[in-house]
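Fold and contact review
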Amino acid sequence: CTTGPIQCCNSVVSASDPDASILLGLLGIVLQNDNLLVGIGCSPITVIGVDSGSCSSQPVCCENNSFNGLIAIGCDPINI
């Protein structure tokens, strides 16, 4: 993961998904590519292999995590 910390997101959907579209709109974010994956409800995974650092949802690596976990943009699912 070279773009930032590994994130654990409640859901990972296309930017065209209705939930993602609403959040992107509320934040004033306009994306050129509706096929980008976005993570919703994300938090960084700080310790791998420890219960507090595990992820029961989808672990991802995202390009833009600057929205306090509400949404992360340009995500790629990873296996941990």
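These remarks concern the structure in this document. Not measured: the values here are computed from a predicted model. (Residues numbered from 1 in each chain as written. Predicted model: local features only at pLDDT ≥ 70, side-chain atom pairs only at ≥ 80, totals over all residues. Heavy atoms only, no water.)

1. Some points on helix H1 (residues 18-26)
What counts, and what does not: Using a 1.4 Å probe on the protein chains alone, a residue whose accessible area is under 20% of its type maximum counts as buried, one over 50% counts as exposed, and one in between counts as partly exposed. Each helix is a run of H or I in the DSSP string that is no shorter than four residues. Each strand is a run of E no shorter than two, and both are numbered from the N terminus. Arc, as used here, means the arc of the directions from the helix axis to the C-beta atoms. We call two residues in contact when some of their heavy atoms are within 4.5 Å. As used in this structure description, the phrase polar contact means that two N or O atoms lie within 3.5 Å; if the pair is within protein, one of them must be able to donate a hydrogen and the other to accept it, and residues adjacent in sequence are counted only when both atoms belong to side chains.
The set of residues buried in H1 consists of Ala20, Leu23 and Leu24. The arc enclosing the buried residues of H1, seen along the axis, measures out at 100°, which places them on a common side. Facing away from the buried side of H1 by more than 90 degrees, the exposed set consists of Pro18, Ile22, Gly25 and Leu26. Turning to H1, the residues buried within the fold contact strand E1 (7-14), strand E2 (37-44) and strand E4 (71-77). A distance of 3.0 Å separates the backbone nitrogen of aspartate 19 from a side-chain oxygen at the start of H1, and that oxygen is part of aspartate 17. Once H1 ends, the next one or two residues include glycine 28, with phi positive near 70°.

2. Here we look at the environment of cysteine 55
The residue cysteine 55 is located in the loop between E2 and strand E3 (58-64) in this model. Taking the C-alpha atoms as reference points, cysteine 55 and isoleucine 45, 10 residues apart in sequence, are found 7.4 Å from one another. If sequence neighbours within four positions are ignored, cysteine 55 has contacts with Cys8 and Ile45.

3. Observations regarding the nonpolar core
Spelled out, the test is: As used here, the term nonpolar core means buried Ala, Val, Leu, Ile, Met, Phe, Trp, Tyr and Cys residues forming a set that is joined through side-chain atoms within 4.5 Å.
Ranked by size, the top nonpolar core spans 10 residues in total: Val13, Ala15, Ala20, Leu23, Leu24, Ile29, Val38, Ile40, Ile71 and Ile73. At the level of secondary structure, the elements contributing two or more residues to this core comprise H1, E2 and E4. Among all residues touching isoleucine 29, those that are not within four sequence positions of it are Leu24, Phe67 and Ile73.

4. Quick notes on the pairing of E3
Cut-off, in case you're wondering: When DSSP finds two or more bridges between two strands, those strands count as paired.
Judged from the three bridges that link them, E1 and E3 form a sheet pairing that is antiparallel. When the sheet's bridge partners are listed, glutamine 7 is paired in E3 with valine 60. Two strands pair when backbone bridges link them, and E3 and E4 are joined in this way by four bridges, in the antiparallel orientation. Looking at E4, one finds that cysteine 61 is bridged to aspartate 76.

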